[in-house]
Amino acid sequence: MATKTGEGFSSSFGAIMAAAGSAVGLGNIWRFPYICGKYGGGAFLLVYICFVFFIGMVLMMSEFVIGRRSGEDPVKAYPKLQPKRKGWRYVGIMGLITCFLILAIYLVISGWTLNYFWESLTGTLASISNDGFGKHFSEFASSAGRPVLFVILFLVFTAFVIIGGVEKGIERVSKLLMPILVVLLLILCVRSLTLDGASEGLAYLFHPDFSKLTGEGILAALGQALFSLSVGMGVMIVYGSYLPVDDNIMKSSIWITICDFAIAVLSGIAIFPAVFACGQDPTGGPGLVYQVLPVVFNSLGTVGRIFSVVFFLLLSLAALTSAISLLEALTQWLSSEKIGRTISAIVMSAAVVVLAVIASFSFGDGIFSGFKIANMQIFDLLDKLTGTILPPICALLTIIFFGWFMNKDDIYDELSNHKTLKIGYFKVFYYFLARFVAPLALIIVLVAGLFGK
Ligand code: PHE
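Throughout what follows, the structure given in this document is the object of discussion. (Residues numbered from 1 in each chain as written. Predicted model: local features only at pLDDT ≥ 70, side-chain atom pairs only at ≥ 80, totals over all residues. Heavy atoms only, no water.)

1. Side note on helix α17 (residues 408–415)
- Burial in α17 covers these residues: I411, D413, E414 and L415.
- Sitting at the head of α17, N407 places a side-chain oxygen 2.8 Å from the backbone nitrogen of D409.
- Directly after α17, the chain includes N417, whose backbone phi takes a positive value near 50°. (Buried < 20%, exposed > 50% of the residue type's maximum accessible area, 1.4 Å probe, protein only. Helix = DSSP H or I, 4+ residues; strand = E, 2+ residues; numbered from the N terminus. Polar contact = N/O pair within 3.5 Å; in protein donor to acceptor, adjacent residues only side chain to side chain.)

As structure tokens, then:
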């Protein structure tokens, strides 16, 4: 337990579950399958795998090292490890701002998901006709009352866990929810794969089509790799500061990355074969989960209703463990300013709910939908900023700090648990990946994605 407050995860297993809980979220189940299909299936997957293992995982290890070595929140961690250059704390600040923005939009989507879970349970969804789901979703998401109610409900669950503490709240809930999530997902995969015509969905997901892999697709792959692993905004620095002293950072990071990647691919396998088997269009974004999938569930009769409940429960649980990590990052920072954990969590929740409500009102035909910044509704602006722009920028700065400004011996000492572990591959990791490959790749993709067309 490295932090000053003495809070921390009790075991490596608990830490892996909590970090995997952060990584596995709406990004895996909802966003990954859709962008994978859109940008060329297998072709996208190849690029994505490279980004996940050569950039995302390297960043995760780096953030864990920064967190555990400093035992601080992201804002204080950088200057503590490099006292001569206090300016690095702005990277921590930028990361926390990114967490705040992600949490706002995350809450809106989680609120929708919770509502759909409720509507599956009560039979409301089953009573809608197949061509009515589009209207149902847009009317619901653009309305003022119900989405906000579910945002608040979801936030209350999240805050409740945070107030419970790192070990008794976050770790305990993650250890319980992650295995449930895997079981639910496997059930859905088996059902989806055994439907007639499932192979078309698999082909959509995996068949490589390099003509669809555009520059925009490559930036999307990078943004998704970072977003999905929850790296680039300091969340893993926070969890790193809670890692047990004897945790093997390299090993844990590899497990978390594999788990995150596997769940993303399994989600695609759970979704697309069913979508194709029921003759639906694999459209993406909110449309896929809230308009296409309900049709799929309805076409499967009573069993479909059960699967609908299972799916929206799965999505809500995955979203919950991710939202927890975002709110924890904000709470840890505020509580390190000598404000108690409970008050910090409540203050941060109150602040973020304001932005979440604004984002919700700006979605679709909502009451703020006419208000635009840079020609975008607030919801879309937040989505773009947090999906493709801010995480790669923060990630680049983090990896530059790690590779070029942090003391190499400190890094080695931390990764080898004070020289008690043999880490022969340290040189490859540090000299090759962290100092050169990851920063260069981040620069190239960022510049090409932001300025090229
Ligand atoms: N990794 C989460 C997902 O895939 C989102 C997230 C991003 C959570 C950043 C925490 C921090 O949905």
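2. Comments concerning helix α12 (residues 249–277)
- An ideal rise of 1.5 Å per residue puts 42 Å on 29 residues; α12 measures up with 42 Å between its terminal C-alpha atoms.
- Counted residue by residue, α12 has 21 buried out of 29 residues, so it is predominantly covered.
- Trailing α12 by a residue or two, G279 shows a phi angle of about 65°, which is positive. (Expected span 1.5 Å × (residues − 1).)

3. A word on the site of the ligand
- Inspection of the region around the ligand gives 16 residues, with A23, G27, Y106, F227 and S230 positioned closest.
- Separating a nitrogen atom of the ligand from a backbone N or O atom of A23 is a distance of 2.9 Å.
- Within the contact set of the ligand, a nitrogen atom lies 2.8 Å away from a backbone nitrogen or oxygen of F227.
- Relative to its unbound accessible surface of 330 Å², the ligand loses 100% to contact with the protein.
- Elements that contribute at least two residues to the shell around the ligand include exactly α1 (12–23), α2 (26–38), α5 (89–122), α10 (215–228) and α14 (301–335).
- The residue inventory of the shell around the ligand, partitioned by class, reads 8 nonpolar, 8 polar and no charged. (Near = heavy atom within 4 Å. Areas by Shrake-Rupley, 256 points an atom, 1.4 Å probe, with all protein chains shown as cover. Nonpolar A, V, L, I, M, F, W, Y, C, P; charged D, E, K, R; others polar.)

What is shown is where atoms sit, not what they do.
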